[in-house]
Amino acid sequence: MGGDRARGGAATVLHADLDAFYASVEQLLDPALRDRPIAVGGGVVLAASYEARAFGVGAGMPARRARRLCPGLSFVPGHFADYRRLGDHVLEILGSFTPLVERVSIDEAFLDVAGAGQLFGSPADIATSIRRRVRAETGLPISVGVARTKHLAKIASQVAKPDGMAVVAPAGEEAFLAPLPVELMWGVGPATRARLEGRGIRTIGQLAHTERGLLDHLLGRTAGDKLLALAANVDPRAVTAARAARSVGAQAALGRRRPTPELLASTIGSLADRVAGRMRAAGRAGRTVTVRVRFTELRAVTRSRTLPAAVSATRTLAEVGIGLAGAALAAHRREPAVTLLGVSVSGLVPEASLQLELPFGPDDAPRPGTAAGAARWSADRAVDAVRRRFGPEAIGYAAVAFAEGGGVPDAFRQLAERALG
């Protein structure tokens, strides 16, 4: 199927994306907030309604700046259980049309409806039915893009927002893409957009006709080749339904940050806490720890280490992860900034009961059965018990809890991680 997507085929891929999801849920729960500019969050904007976006308010913006831009802005706390409930309900609706549903976040998913035509009609008919059912059953607006590839379907859903639908026939792909701004493409963030604009490349059509050598110079060969392919709608990725997770991971986007030891300790520590907690909740442990470090212009490196025994200890994962990230940065000293850090654990196995080891060898903390490993095992489960009873913010690890610059509640991160299994 992937090759067919790259060369030809029908427009049977849908991208369904709930509009301003968190803010829309808040306006649904409290009718007094409808048609008003609102932001979800406290010190930082986590999500903004379309009414607030019209004033320039956006996610990640400090609350003080948001209020300056929009004096009538109302901040509301997040109702995470309702986000989860409504997001899952929409996923059930999507799954009633096709088993080929690939959830990419709590509020968006891809569908392949190539085999659903006899039951539900054309892809456009299915998109219309999805929008009608989501509105009727949840009260939420949703935009749907229909196209031949995942990349184009996602762009189409963005063009259709808010609360709309866009169908791109194969014969009209180039005409549809050509006038659109490059920032609608995957992989084009503010830095890449600025580099392209510096050479007069503002639209996808201009990008598609740019010399490969120029893009290699501006962005590097890998990023340049990827964007050229996407600008021509060459995207071989198929829609893949959810399957049993082979790894557990989390990542943090950092903007552009200088890679200091403090940044590594706090960020990797937070990621390790999230990953280890999810493994323990699922009764799993893993042996191979992988760290991903992304620099500017999409350049990224990974480092891995396989431990002598499967672990799920937060502190152990943090120590291994910090070491791996440090090694990656040491090998790329000329990189001035990091934009993302990620931690994942693979080689998952059912977590066995703690089996203490005789003290014949060194007290190697990564092995759960050593004295230090057993202490970490007990501490983690005490933390888990407190969080189950009093909530995820009730207790934390000092290096993470007192670190500067977080701002995004763990409940928001957990929504995305839960959606992806």
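This is a predicted model, so every value here is computed, not measured. (Residues numbered from 1 in each chain as written. Predicted model: local features only at pLDDT ≥ 70, side-chain atom pairs only at ≥ 80, totals over all residues. Heavy atoms only, no water.)

1. Re the packing of helix α2 (residues 21-29) against helix α5 (residues 80-95)
Think of two packed helices as two axes; the pair is described by the angle between the axes and how far apart they sit. As a packed pair, α2 and α5 sit with axes 10 Å apart at the nearest point and diverge in direction by 105°. By the angle class used here, α2 and α5 are roughly perpendicular. Residues F21, Y22, V25, E26, L28 and L29 of α2 touch α5, and the partners they reach there are D82, Y83, R85, L86 and G87. Considered class by class, the residues forming the contact of α2 with α5 number seven nonpolar, one polar and three charged. (Axes fitted to C-alpha atoms, helices over the stretch in contact; angles between N-to-C directions. Helix = DSSP H or I, 4+ residues; strand = E, 2+ residues; numbered from the N terminus. Parallel < 35°, antiparallel > 145°, perpendicular 65-115°, else oblique. Contact = heavy atoms within 4.5 Å. Nonpolar A, V, L, I, M, F, W, Y, C, P; charged D, E, K, R; others polar.)

2. Re the pairing of strand β7 (residues 142-147)
Among the six residues in β7, six count as buried, and that is most of the element. With burial as the criterion, each face of β7 is covered, one bearing I142, V144 and V146 and the other bearing S143, G145 and A147. Of the strand pairs in this sheet, strand β1 (residues 13-18) and β7 are connected by six bridges, and their pairing is antiparallel. Paired with L14 across the two strands is V146, which belongs to β7. Bridge count for β7 against strand β8 (residues 165-167) is three bridges, and the pairing is parallel. (Buried < 20%, exposed > 50% of the residue type's maximum accessible area, 1.4 Å probe, protein only. Pairing = 2+ DSSP bridges.)

3. Focus on the packing of aromatic side chains
Under the definition given, this model contains six aromatic pairs. Centre to centre, the rings of F21 and Y22 are 5.5 Å apart; their planes meet at 50°, and the pair counts as tilted. By relative accessible area, which is 15% here, Y22 ends up buried. (Phe/Tyr/Trp six-rings, centres within 6.5 Å; stacked < 30°, edge-to-face > 60°.)

4. Concerning the confidence of the model for the chain
Counting all residues, the mean pLDDT for the chain is 85, and 84% of those residues have values of 70 or more. When the elements of the chain are averaged for pLDDT, helix α1 (residues 2-7) gives the smallest value, 43, and β7 the largest, 98. For residues 1-7, every residue scores under 50 in pLDDT, and the model assigns this stretch 19 contacts once sequence neighbours within four places are set aside. (pLDDT = per-residue confidence, 0-100.)

5. What to know about the environment of P190
One can find P190 in helix α10 (residues 190-198). Through-space distance from the C-alpha of P190 to that of G255 is 9.9 Å; in sequence the pair is 65 residues apart.

6. Comments concerning the sheet that holds strand β5 (residues 101-105)
One open sheet accounts for five strands, arranged β5-β6-β1-β7-β8; its pairing is mixed. Two strands close off the open sheet at either side, each with one partner strand: β5 and β8. Geometrically, the sheet is characterised by an average inter-axis angle of 15° between neighbouring strands, direction not taken into account. Across five bridges, β1 lies against strand β6 (residues 108-112) in antiparallel orientation. Opposite D17, over in β6, you have E108 as the bridge partner. On the sheet, helix α7 (residues 123-138) packs against β1, β6, β7 and β8 and is oriented at approximately 170° with respect to β7. Sitting on the sheet, helix α8 (residues 150-160) touches β1, β5, β6, β7 and β8, and the angle it makes with β7 is about 140°.

7. Structural notes on unusual backbone geometry
As a rule of thumb, non-glycine residues mostly have phi less than zero, and peptide bonds are mostly trans rather than cis. In this model, K161 is joined to P162 through a cis peptide bond whose omega is -5°. Considering the arrangement of structural elements, one finds P162 in the loop between α8 and β8. Unusually for a residue other than glycine, A20 sits at a positive phi of about 40°. Tracing the backbone shows A20 in the loop between β1 and α2.

8. What to know about the sheet that holds strand β10 (residues 284-295)
Across the sheet, which stays open at both edges, the four strands sit in the order β9-β12-β10-β11 with antiparallel pairing between neighbours. Edge positions in the sheet fall to β9 (247-257) and β11 (300-311), since each of these pairs with one other strand and no more. The average undirected angle you get between the axes of adjacent strands in this sheet is 15°. Bridging between β9 and strand β12 (residues 338-350) involves eight bridges; their strand directions are antiparallel. When the sheet's bridge partners are listed, A250 is paired in β12 with V343. Of the strands in this sheet, β9, β10, β11 and β12 touch helix α14 (residues 261-281), which is tilted by about 155° from β9. Contacting β10, β11 and β12, helix α15 (residues 314-330) crosses the sheet at an angle of about 30° to β10.

9. Observations regarding helix α13 (residues 221-231)
Because an α-helix packs 3.6 residues into every turn, residues spaced three or four apart end up facing the same way. Burial in α13 covers these residues: A223, G224, L227, L228, L230 and A231. Taken down its axis, α13 places every buried residue within 165° of arc, on the same side. Of the residues in α13, the exposed ones pointing more than 90 degrees away from the buried face are R221 and T222. Count one or two residues on from α13 and you reach N233, which has phi positive near 60°. (Arc of directions from axis to C-beta.)

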